[in-house]
Structure formats: C-alpha cells, structure tokens
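A structural walkthrough
So you can see what is in the structure, the chains are spelled out below.
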Amino acid sequence: MQLNSGNQQISTNGHAAGAFAVLGMDVVSFSTLDEDDQIGVIGQLMKYVRQALMLQDLKEDDYRWSPAGDGGYLTFLSVIAGRSAIDVAFSIFQQVANPPRKSFDRRFTIRAALHAGSVQESADLGRDTNIWGMGINTTARILSISDENQLLVSKQYHDTYVKDQPGDAYHFGEPYWRTVKHGITLDVMNASKSGLGLGGDEERGRRWRYLGGLWNKTAEEFEHLMSDTMRSGDSIAAIAAARYLLDMGEEQRVRDFCKILSNLDAMTVSFPVEHFLFSGMPSDVLFEVVKSVKPKVIGANEVICEDGVDADSCFFPVSGRIVLEIRGRDEPAPVKKGQMLGEFSLWIPNLKRTARIRSLDPGLVLELGHRPLETVLRQHEDVANIVYSLIQRRVVENTLLSPALFPGMAKAVKDGLSKFNAKCVKVASGEKLNLSSQAFIMLVGKVRVQCANGGQLDVVGGGHFDQMPVVGIYSTIGNPDGEEGEVLEDTVAVQIGHDTLQEIQTTYKDVGRLWSGLYGTRLHDVKCWSPGQKSKAAQTP
C-alpha cells in the first residue's frame, strides 16, 4: 500500500495529524547494562539523534520525539522531513559505530525501523503533547523484528518517500513478509548505505535467524517459567513447563527439575515445591511421568471430559477456572488449585467418568494416562497410599454432598468431613456386610440383602453419585434390610454407622424424611421382585 504523503496536516494549535514518516530506534541488549551505563548510553544516543537532525537541517518544528525506555521514535512532520528520515537514521548509525573520542566510553549498538503511517498528536500526561496511532505502533512492531545494526524499512516508507528519488546512495533488499503482534503482516526491506546497516549477504543470512533464535528463546522462557512456578510453589505449572522443555530436547534441564521436585533425592534448593503425589516419587520415576504427561490447551466453556465415558486418564489443571458438573447437583463445583481429577478409576476398576469436567476460561490442563501412573503406584507403596487415600476421601465427600441422599448438608460437610465418621471401603465378592449397625452407600458393585420381612433383593451400584443405592438402610421407621448383606460382585461403598445416621436425620429433617422414603421404597422393591427376575438396582428418590 502506498500512502498519500500529502495527507498531512498541522492544526492551528501546532498539532500534527495524518500520514507521516516515523523512525524508531532502541539500544540492543540494554537491560544487560548496569544502571549507570544505561543512563550514560541513553544520554549518548540522545546526543547522536540531535546531531543527526542538525546535519539534515531539521528544526524542532520539523519533528516530534517520543521517548520509549531504551530508545524512542521520531515523527517527521513534512514530506521533505520524511525524505530526510533515512539520512537521519544512517547518521545515527554512523555515530554509534564511530563515536567521538571524548564520548561516553561504553560502546553500544542499536537497531532501527522506518515506516510511514497515520498518527495523531494530542495532549500527553506530564508533557505538552505526544504522538499516538498506528504509525507509531507499526514502527514499534517492525523494530521488534529488526536485528542488531539493522535498519528495517517498511515498503510503505520506501514507496512513499524514496522509491522515485534519484541516486544510488542507499541499497534496499528485496521485500519480504513478516507477521508481527496480533497477526498483522508487514512487507519490509533491509536498508544499507556505504557499510552502514547490514549488507545484503549478511542480512539474508540473518533474516530467518528467528527460527533458531525463537527455538532458543522459547526454551529459555520455559526454563524461566519452570523456575518461577517452583519458586511460587505451583508444582503442576512447573511440570507443564518441564514437559514443554522436554519436547524441545532439554532432557538434562528436566532431569535436574525432577531432582528438585522429588523428596527422595532432592537437590539443595529453597523452592517451596512440595506436591502430595509427585514429590513422593524418585526423580528418575518422576522423569518418566513427566514424559508421559500430555499438555492440552483448552478453550472457554470447553468440556475436558464427559460424564459416563470410559475413564482412562487423570487431569491436573494448570491455568483457567475448571469446574466439576456432577449429576444431581444444582451448581458446578469449582476445582481447587493443584487438585487431581479423574483418579477414581485408579482404585475403582471399570468405573466410568462420574462427572463432566469443564473449563470456564481458556487454559491448560495436563492429562496423565492411568497406565503409566498405575505402573508407578505398583512400584511405590507410599505414593499409592497417598493416591488411594485421596480417592477414598473424595468418594466420601461426593457422597455426603449428594442432595439425593443428604439434602441441606453441603455446608456442614465442607466445614468438617471427619465428624461424620464415614469411610470408603472396597469389599470383595463373597464377603458379608454387617447391616445391623452399618449402612453401605454403593458407588459400584452388587449386594444381595435378605430383608426383615423375608424378601430378597439384589442391589446394584451404577457408578454415579446422584444414584447411589443403599444397603443397611436406617430410618426412624426401621431397618428394612435385615442383619447381613452378601457381596455378589466387588463393591465400593461409603460405610456410615446407624448411630451417625440417626444423629444426621435428627439434625436435618429433610434427610430424615428422605431416608424414611428409602425404607418404603425398599419394601416395595422387595415385594415386586422375585429370584426368577433380573436383579434390579434400588434407586434413591
């Protein structure tokens, strides 16, 4: 696109508006200098800029200066000044490359960009005016891809100001495309003059250095993120950074990280990196787990896994708000930082997903397949005990939070789970359950009860927290299930004493009414079922 260089205005109050040439520059590796050197370098650069403007006989009314940290932007306010912008740039390069003898003794290099675009001059905070608009923004984006000692020129500037000018003082490389911030594409050209800037061969050799440079920069960024997340005590985010580093071939860095995270052979560091699961693994085992982790980028409102499908992996949220949507509950349950999701089937065979996991925001989760994790658990009993205890606690919590069995108790359960004296148990086929003083709220399995009225019923757990049948029902009306239950298939259930149920039903009247309803439903089911029929699952209301 060629801009109309005549589209320039200076208002009565002296403010510029329209399409102007903009020269941007900054000091290369400025942040690596110490504070005194930084101040000295900027002072010297400003001296070079003033001298370059004077050499082109440009007055203060011909340009505006916009400082920007380690450099800044010159906006040239006329067509003639705009044509001089490239000469100003090379004059600055000349002085930087060959500083006067008595100048500041800290050598430095710069990079620069030239563009022609629309800007608007208006009031600024703390000074009279400043320059705003796409002309400045685009120049900054070109500057971000310019290399050390390079003047990178947009095709807009070239075609507007110098394309048709006589002479061969400048050399412009062929135009090529670059994509910058926000996906904006720019047509840019390398510019050089009598040994200033980058020569054609050197520029072409550096042009796509970003491929290798970006790879190295990305690896460095992930290493910094890994360190930052460890220092912040966020082990899951650190593992995510380590996983990406591993994809980039940085195996030794990841092995060192695993030694830091592991409690068994930890390196001497002061990072708060304790993790309930991963810190209990030897570093070599943890390294294999990191290799097995799969990062998944997720969008807003994206379902990570569906309720009822086969459960063959666990999830660890890294970023974004994640919620559990459990059938039978009115509100989604927010997932806490560092929480492990989808782990139930590690302890409960053949279990389907018991909830939908959904992300409210764009984010990242780590997925770890059950197979590699089960291998670790079989080899490390201490780690397995931690995982299985976590699963058992969450099964108990989800059960007591179910409005289908314990309406109105959510706050009490969240305030103190242990006071309900409930525990999650796994009972093998062929064993007997004592139903005289205990109730068993079944997640999966099959139990046969011999009811007090002489009837018999097979009760089946279907794997959902909103439909958990009970054997050993206790209510104020009575106990319908007799003294004993026979386990026909391996069963996972929440065991809770009749004395605790009595206290709960006394305190929470809705719970008492619901369990009295379970008593009546059980008597009806027993009456309607005979051993010749297919076994049926007792359903909660």
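As a reminder, the structure under discussion sits directly above these lines.
Residues numbered from 1 in each chain as written. Predicted model: local features only at pLDDT ≥ 70, side-chain atom pairs only at ≥ 80, totals over all residues. Heavy atoms only, no water.

Further remarks concern the overall build of the chain. Helix and strand counts for the chain come out as 14 helices and 23 strands. For 541 residues, the compact-globule estimate of 2.2 N^0.38 gives 24 Å, and the chain exceeds it by more than 25% at 36 Å. Summarising its shape, the C-alpha atoms of the chain cover approximately 110 × 55 × 40 Å along the three principal directions. Taking all 541 residues of the chain together, 51% fall into the buried category. Summarising the internal contacts of the chain: among those between residues at least 6 apart in sequence, 72% fall at separations of at least 24. Of the roughly 26,100 Å² of accessible surface on the chain, 49% is carried by carbon and sulfur atoms. Side chains of the chain carry 57 positive and 67 negative charges; the gap between the two charge centres is 2 Å. (Helix = DSSP H or I, 4+ residues; strand = E, 2+ residues; numbered from the N terminus. Rg over C-alpha atoms; globule rule 2.2 N^0.38 Å. Buried < 20%, exposed > 50% of the residue type's maximum accessible area, 1.4 Å probe, protein only. Contact = heavy atoms within 4.5 Å. Areas by Shrake-Rupley, 256 points an atom, 1.4 Å probe, with all protein chains shown as cover. Lys, Arg positive; Asp, Glu negative; His and termini not counted. Charge placed at Lys NZ, Arg CZ, Asp CG, Glu CD.)

So, on to helix α8 (residues 251–261). All buried positions along α8 are accounted for by V254, F257, C258, I260 and L261. On an axial view of α8, the arc spanned by its buried residues comes to 155°, and they lie on one face. (Arc of directions from axis to C-beta.)

Overall, antiparallel pairing links the four strands, which are arranged β12-β16-β14-β15 in an open sheet. Each of the sheet's edge strands pairs with one partner strand only, and the pair in question is β12 (303–305) and β15 (333–334). Two elements, strand β14 (residues 322–325) and β15, share two bridges in a ladder whose sense is antiparallel. Paired with L324 across the two strands is A333, which belongs to β15. (Pairing = 2+ DSSP bridges.)

With that settled, the discussion passes to the sheet that holds strand β17 (residues 363–369). Spatially, three strands are ordered β11-β17-β13 in an open sheet, and the strand pairing comes out antiparallel. Two strands lie at the open edges of the sheet, namely β11 (294–298) and β13 (313–319), each paired on one side alone. If you compare each strand with its neighbour and ignore which way they point, the axes differ by 30° on average. Sheet analysis places β13 next to β17, joined by six bridges and oriented antiparallel. Across the sheet, F316 pairs through a bridge with L366, a residue of β17. This element, helix α10 (residues 370–379), spans β13 and β17 of the sheet and lies at about 60° to β17. (Axes fitted to C-alpha atoms, helices over the stretch in contact; angles between N-to-C directions.)

With that settled, the discussion passes to the pattern of salt bridges. According to the stated counting rule, one finds 23 salt bridges in the structure shown. Across the salt bridge formed by K155 and D159, the nearest N and O atoms sit 2.7 Å from each other. Note that K155 and D159 are positioned in helix α4 (residues 155–162) at a spacing of four residues, about one turn of the helix. Since its relative accessible area comes to 26%, K155 is described here as partly exposed. We classify D159 as buried; its relative accessible area is 8%. Between E325 and R356 there is a salt bridge whose closest N-O contact spans 3.2 Å. Of this pair, E325 sits in strand β14 while R356 sits in strand β16 (residues 356–359), and the two are 31 residues apart along the sequence. (Salt bridge = Lys/Arg side-chain N within 4 Å of Asp/Glu carboxyl O.)

Of note in the backbone geometry, D57 takes a positive phi value of approximately 60° without being a glycine. Relative to the helices and strands, D57 is located in the loop between α1 (35–55) and β3 (63–67).

To continue, consider the packing of aromatic side chains. As enumerated under the stated definition, the model contains nine aromatic pairs in all. Judged by centre distance (6.4 Å) and plane angle (45°), the rings of F90 and F93 are tilted. On the criterion of helical spacing, the pair formed by F90 and F93 is a turn pair, its members being three residues apart in helix α2 (residues 79–97). The buried category is assigned to F90, whose relative accessible area is 2%. (Phe/Tyr/Trp six-rings, centres within 6.5 Å; stacked < 30°, edge-to-face > 60°.)

Moving on, we get to the nonpolar core. Among soluble globular proteins, nonpolar side chains are generally buried collectively. The biggest cluster of nonpolar side chains holds 87 residues, and the ones touching the most others in it are F278, F406 and W515. Ranked by the residues each element gives to this core, the list is headed by helix α7 (residues 235–247), at eight residues. Setting aside chain neighbours within four positions, we find W515 in contact with L405, F406, I441, V470, I473, Y474, S475, L501 and Q505. (Core = buried A, V, L, I, M, F, W, Y, C linked by side-chain atoms within 4.5 Å.)

Moving on, we get to the pairing of strand β2 (residues 16–27). β2 sits mainly inside the fold: twelve of its twelve residues count as buried. Taken together, the eleven bridges between β2 and strand β5 (residues 110–123) define a ladder with antiparallel strand orientation. Residue pairing in the sheet places A17 in a bridge with Q120 of β5. Direction of pairing for β2 relative to strand β4 (residues 71–76): antiparallel, over a ladder of six bridges. By the bridge assignment, D26 is partnered in β4 with G71.

What follows concerns the environment of V41. With respect to the helices, strands and loops of the structure, V41 is situated in helix α1. Separated by 215 residues in sequence, V41 and D256 have C-alpha atoms that sit 39 Å apart.

Next up on the list: the environment of H182. As for its placement among the helices and strands, H182 is situated in the loop between β9 (176–179) and β10 (185–192). On the basis of relative accessible area, H182 is assigned to the exposed category, the value being 66%. For H182 and L114, which are 68 residues apart along the polypeptide, the C-alpha to C-alpha distance reads 20 Å.

With that settled, the discussion passes to helix α11 (residues 381–400). Taking 1.5 Å as the rise per residue, α11 with 20 residues should run 28 Å; its terminal C-alpha atoms sit 28 Å apart, in good agreement. Residues of α11 that are buried include every one of V383, A384, V387, I391, R394, V395, V396, N398, T399 and L400, and no others. Next to the buried residues of α11 lie β14, α10, α12 (410–415), β18 (423–427), β20 (438–450) and β23 (484–497). (Expected span 1.5 Å × (residues − 1).)

In the structure shown here, the tally under the stated rule is zero disulfides. Free of any disulfide, C424 has its nearest neighbouring cysteine sulfur in C314, separated by 16 Å. (Disulfide = S-S within 2.5 Å.)

What follows concerns the side chain of S516. Of note, S516 is situated in helix α14 (residues 509–528). On the basis of relative accessible area, S516 is assigned to the buried category, the value being 15%. Excluding residues that lie within four positions of it along the chain, S516 makes contacts with S475, T476 and I477.

Helix α9 (residues 283–292) packs onto α7 with a crossing angle of 80° between their chain directions and a minimal axis gap of 9 Å. Relative to α9, the element α7 is oriented roughly perpendicular. Counting all contacts with α7, which are made through I239, A242, R243 and L246, the residues of α9 involved are F287, V290 and K291. (Parallel < 35°, antiparallel > 145°, perpendicular 65-115°, else oblique.)

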